[in-house]
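# Analysis of the macromolecular model
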Amino acid sequence: MTLNNLPPLREVIAEHGLNARKSLGQNFLLDLNLTSKIARMAGDLSGHDVLEIGPGPGGLTRGLLMEGARKVVAIERDERCLPALAEITDASDHRLQVISGDALEINPLDHMQAPIKVVANLPYNVGTELLIRWLTPDNWPPFWDSLTLMFQKEVAQRIVAKPGSKAYGRLSILAQWRSDAKIVMEIPPQAFTPPPKVTSAVVHITRLDQPKFAADRKTLERVVGMAFGQRRKMLRASLKSIHPNIEDILLASGVKPTERAEQLTIEQFCTIARNL
Ligand code: SAM
């Protein structure tokens with residue numbers, strides 16, 4: 001068996017009884033043309049190891065392998081998917097390694113070598129948490145060169161949002177401080193089985209070697225967390241407890257104390273963090 005003559009995903013799902021479970025965020029992509037297209041959004045995969053979270057029956061996994069990934073390490077929590085994934089491991093000359101378990105608990109790096117790309121149709125219940133972990137490691141640069149991830153469109157818009165918009169917030173700043181982030185594709189509900197209620201979007205995030213603006217990560221995260229925690233308030237109020245003379249710090253950072261979080265650029269947040 002080779003990747004090209006594996007059975008269609010609909011048959012794989014029927015054969016292994018993989019009826020989708022809502023509790024695991026299961027909405028499967030069954031069109032291999034589409035999964036290959038998503039894989040290509042991650043750029044050239046040859047010479048890269050790819051981390052995939054939640055391969056399910058393996059549609060995107062097959063796309064990643066067909067597009068030439070050196071190795072795919074896939075973490076799947078649903079044990080029912082393992083036999084179907086084992087068939088892909090055999091058909092790909094063992095370029096696929098499946099790890100059974102919860103992606104929030106497992107460190108896949110023991111099984112992978114740089115350069116690494118992350119590509120996933122993320123389970124909605126853990127997607128944002130994983131993204132924040134990948135964006136905020138203790139040391140920069142992180143283990144990954146790029147993240148190509150599918151989210152609900154509303155979350156994707158928050159990741160790429162610019163100052164002055166409603167979607168702009170903590171996630172936008174974490175994603176754009178040390179990386180470039182863009183939406184590269186929208187995917188309608190009908191592309192999934194079963195269809196979710198909302199449109200999805202693929203975000204491609206490329207890491208930079210250095211942050212765009214210098215700042216201590218933890219201080220920046222604190223400032224941004226507090227400012228957007230009360231986003232309707234003026235900064236002099238939302239940041240009041242961070243420093244006794246917050247108004248002076250804001251003025252010294254070139255920021256009016258009466259401004260609100262969503263008006264500030266990432267550069268301004270970094271300046272405040274440096275001045276604290
Ligand atoms: N990649 C497949 C596709 O595109 O058709 C499936 C995507 S589906 C949206 C999310 C997958 O993540 C499911 O297979 C689900 O079982 C798995 N999953 C859910 N929570 C998980 C977790 N904590 N760790 C690993 N996998 C998880």
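Residues numbered from 1 in each chain as written. Predicted model: local features only at pLDDT ≥ 70, side-chain atom pairs only at ≥ 80, totals over all residues.

Cross-referencing UniProt, the feature "binding site: S-adenosyl-L-methionine" (unreviewed entry) maps to Asn-27, Leu-29, Gly-54, Glu-76, Asp-102 and Asn-121 in the present numbering. Note on placement: Asn-27 falls in the loop between helix H1 (9-15) and strand S1 (28-29). Classification of Asn-27 by C-beta neighbours within 10 Å gives partly exposed; the count is 19. Here Asp-102 is to be found in the loop between strand S4 (96-100) and strand S5 (116-121). On the basis of neighbour count, Asp-102 is assigned to the exposed category, with 11 C-beta atoms found within 10 Å. (UniProt positions renumbered as here; feature names shortened; annotations may be inferred. Helix = DSSP H or I, 4+ residues; strand = E, 2+ residues; numbered from the N terminus. Buried ≥ 20, exposed ≤ 12 C-beta atoms within 10 Å, placed from the backbone.)

What follows concerns the pairing of S5. Burial runs high along S5: six of the six residues are buried. In S5, alternate side chains face the same way, and those of Ile-116, Val-118 and Ala-120 on one face and Lys-117, Val-119 and Asn-121 on the other are all buried. Handedness of the crossover joining S5 and strand S6 (residues 146-152) through helix H5 (residues 124-135): right-handed. (Right-handed = clockwise from strand over helix to strand, strands pointing away.)

Along the chain, Ser-172 turns up in helix H7 (residues 170-177). The class of Ser-172 is buried, set by 23 C-beta atoms lying within 10 Å. Taking the C-alpha atoms as reference points, Ser-172 and Val-155, 17 residues apart in sequence, are found 9.8 Å from one another. Residues within four places of Ser-172 in sequence aside, it is in contact with Arg-158, Ile-159 and Ala-161. (Contact = placed C-beta atoms within 7 Å.)

A rise of 1.5 Å per residue sets the reference length of H5, with its 12 residues, at 16 Å; its end C-alpha atoms lie 17 Å apart and thus fit the reference within 8%. Along H5, the residues that are buried comprise Gly-127, Leu-131, Trp-134 and Leu-135. Down the axis of H5, the smallest arc covering the buried residues is 90°, so these residues share one side. Residues Asn-125 and Glu-129 are exposed on H5 and point more than 90 degrees away from its buried face. Where H5 is buried, its residues meet S5, S6 and H7. (Expected span 1.5 Å × (residues − 1). Arc of directions from axis to C-beta.)

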